[in-house]
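# Analysis of the macromolecular model
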Amino acid sequence: DAIELGPYDHYMQKEIHEQPRATADTLEGVIDAGVVPALFGSDAATVFAEVDSVLILASGTSYYAGLVGRQWLESLAGIPCNVELGHEYRYRDSIPNPRQLVVTISQSGETLDTMEALKRAKALGHAHTLSICNVQESALPRASRLVFYTRAGAEIGVASTKAFTTQLCALFILALTLAKQRGRLAADAEAGHLEALRQLPGSVQHALNLEPQIKVWAEQFADKDHALFLGRGLHYPIALEGALKLKEISYIHAEAYPAGELKHGPLALVDDKMPVVVIAPNDSLLEKVKSNMQEVRARGGQLYVFADLDSHFSATDAVHVIRTPRHAGLLSPIIHAIPVQLLAYHAALRKGTDVDKPRNLAKSVTVE
Ligand code: G6P
């Protein structure tokens, strides 16, 4: 391969560790120029002035990025947003809205399901299209009016890592840009968000520094058949991403649920053989998450909790806790993507699977 592994054993490991650089590069434009539509192309100011809602279309990990993006777009920009898997959208009757901004998210820019969904949206009369993509001049950006390139660099590992966190950076910038356009971003709030973005690559590095602790957890996961991932709000998509990473490279069956849904079904699966990973930083939903965790404990489930310093958990024999150094506010899902990637990576290593090329999967899926 043209891209050297350097000191790493796997591309996935290398790509996980490149995330401070990848996020910094992706954020460079906004850090230098501030929140301006031109970050999305020369036409963007005109297009953004016309849009009244957003539809995100994507597949796989990119779809999970979209689920986080929706929450930022609605809370920061106050703009209604839907997120749909490309292969579902393209075959159903939907109500087109010519003022909607159709955003495709794709690492490769070549995923057939996403490309066909974009074609369908255009055929339905959608002209406001934006591609968030990691590969220059690939099919999706070429077919879109606006483009934002993530600057993750080549991603070789089949399981997406740095593409995901840089897509989240792009979506956060989009939410800030639309917020400003719609008169919802005061100058001091903008300055605060830009400062948080400046600190983000450093916080990503702090999350990477948790690797030795996560490795210990991964050893406990390697002989498990199943795992459950829980999160709420901004962190539910991170639970989805954690479960996806674990199943695709370690072949451990993993499912993710929004923690509030536990009592409506998955709680029936919980026993002392079920590790339950909880993404539980100190946000407005923490107390709710804590009561969901008690439901797990009451059934003997083993809790593995990703928290931050302010979450105030005490570890016990059945409650394992790893803390990120500080709460990252709205950017917290980006920080919490890192430990779930590392958990999957080390569980797979322990199981001896082909981390970079998991069975039955492809990096870029250009068939239906
Ligand atoms: C494949 C890859 C995933 C990726 C998905 C979407 O399934 O294995 O890692 O998330 O495609 O790919 P895209 O290039 O559109 O982001």
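Everything below is about the structure shown above.
In short, a report on the structure. Quantities reported herein were computed from a predicted structural model and do not represent experimental measurements.

Conventions and cut-offs
- Residues numbered from 1 in each chain as written.
- Predicted model: local features only at pLDDT ≥ 70, side-chain atom pairs only at ≥ 80, totals over all residues.
- Helix = DSSP H or I, 4+ residues; strand = E, 2+ residues; numbered from the N terminus.
- Rg over C-alpha atoms; globule rule 2.2 N^0.38 Å.
- Buried ≥ 20, exposed ≤ 12 C-beta atoms within 10 Å, placed from the backbone.
- Contact = placed C-beta atoms within 7 Å.
- Pairing = 2+ DSSP bridges.
- Axes fitted to C-alpha atoms, helices over the stretch in contact; angles between N-to-C directions.
- Parallel < 35°, antiparallel > 145°, perpendicular 65-115°, else oblique.
- Left-handed = near helix turned anticlockwise from the far one by under 90°.
- Nonpolar A, V, L, I, M, F, W, Y, C, P; charged D, E, K, R; others polar.

Moving on: the overall build of the protein chain. Within the protein chain, the secondary structure is distributed over 13 helices and ten strands. Rg of the C-alpha trace for the protein chain: 20 Å, near the compact-globule value of 21 Å for 368 residues, within the 12% margin. For the protein chain, the spread of C-alpha atoms along the principal axes amounts to about 55 × 45 × 45 Å. Every one of the 368 residues in the protein chain was classed for burial, and the buried ones make up 52%. At a minimum sequence separation of 6, the contacts of the protein chain that also span at least 24 residues come to 76%.

Pairing between the strands of a sheet is mediated by backbone hydrogen bonds and can be parallel or antiparallel. Read across the open sheet, the five strands follow the order 2-1-3-4-5; overall the sheet is parallel. The open sheet is flanked by strand 2 (81-85) and strand 5 (146-149), the only strands paired with a single partner. Between one strand axis and the next, the sheet turns through 20° on average, direction left out of account. Looking at chain direction, strand 3 (residues 100-106) and strand 4 (residues 129-133) are connected through five bridges and run parallel. Within strand 4, the residue paired with I105 across the bridge is I132.

This paragraph deals with the packing of helix 9 (residues 187-208) against helix 13 (residues 332-351). Taken N-terminus to C-terminus, the directions of helix 9 and helix 13 make an angle of 25°; their axes are 9 Å apart at the nearest point. Of the possible angle classes, the one that applies to helix 9 and helix 13 is roughly parallel. Both helix 9 and helix 13 take part in a crossing whose hand is right-handed. The segment helix 9 lies against helix 13, with L200, S203, V204, A207 and L208 engaging I334, I335, I338 and P339. Residues belonging to the contact of helix 9 with helix 13 are distributed by class as follows: eight nonpolar, one polar and no charged.

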